Amino acid sequence: MGDQVASFVPPEMKRGNMGSIPRFTFTPSTERPGRWEVTKAEFLTEYSDMTPPFRVVCAACAASDAALGAAKRAEYAAVDRQVTEAVLSRGAGEQGLTHATR
């Protein structure tokens, strides 16, 4: 995320401000004592919004935030769709990766 918080890009290059954050849930293995297993693999979509005030937002979360205007919600929803498509483009969904919205 270094480039996303330190590099202010022009609006036509906003793709550089989009990303995903992995989130894994680990639980103790029942078959292999002392070991851990991934029991849930998720990702959140995020966006470095350059409009004042600068902030990094969860795109899926903000897309449904009624406190935001319709245009801003639509912008975040578009980011969420684009990042989700990229993350799942190589079959990770079939392997159990899910899209988190909170």
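Residues numbered from 1 in each chain as written. Predicted model: local features only at pLDDT ≥ 70, side-chain atom pairs only at ≥ 80, totals over all residues. Heavy atoms only, no water.

Peer 1: For unusual backbone geometry, give the residues involved together with the corresponding values.
Peer 2: Cis geometry is adopted by the peptide bond preceding Pro 53, which originates at Pro 52 and carries an omega value of -5 degrees. Note on placement: Pro 53 falls in the loop between strand S2 (36-49) and strand S3 (55-58). (Helix = DSSP H or I, 4+ residues; strand = E, 2+ residues; numbered from the N terminus.)

Peer 1: Describe the state of the cysteines, with residues and values.
Peer 2: The final tally for this structure, using the stated rule, is 1 disulfide. A sulfur-sulfur separation of 2.4 Å characterises the disulfide bridge that pairs Cys 58 with Cys 61. Here the disulfide of Cys 58 and Cys 61 is right-handed, its torsion about the S-S bond being about 65 degrees. The buried category is assigned to Cys 61, whose relative accessible area is 14%. (Disulfide = S-S within 2.5 Å. Buried < 20%, exposed > 50% of the residue type's maximum accessible area, 1.4 Å probe, protein only.)

Peer 1: Outline the side chain of Thr 84, listing residues and values.
Peer 2: Within the secondary structure layout, Thr 84 lies in helix H3 (residues 70-87). Filtering out sequence-adjacent residues up to four positions away, Thr 84 remains in contact with Phe 43, Thr 45 and His 99. (Contact = heavy atoms within 4.5 Å.)

Peer 1: Residue-level account of the packing of aromatic side chains, with values.
Peer 2: For the structure on display, the rule yields 2 aromatic pairs. An angle of 45 degrees between the planes, with centres 6.4 Å apart, marks the rings of Phe 24 and Phe 26 as tilted. A relative accessible area of 45% means that Phe 24 is categorised as partly exposed. Arranged with centres 6.2 Å apart and planes meeting at 70 degrees, the rings of Tyr 47 and Tyr 76 form a pair that is edge-to-face. Here Tyr 47, found in strand S2, pairs with Tyr 76, found in helix H3; they are 29 residues apart in sequence, far enough to count as distant. (Phe/Tyr/Trp six-rings, centres within 6.5 Å; stacked < 30°, edge-to-face > 60°.)

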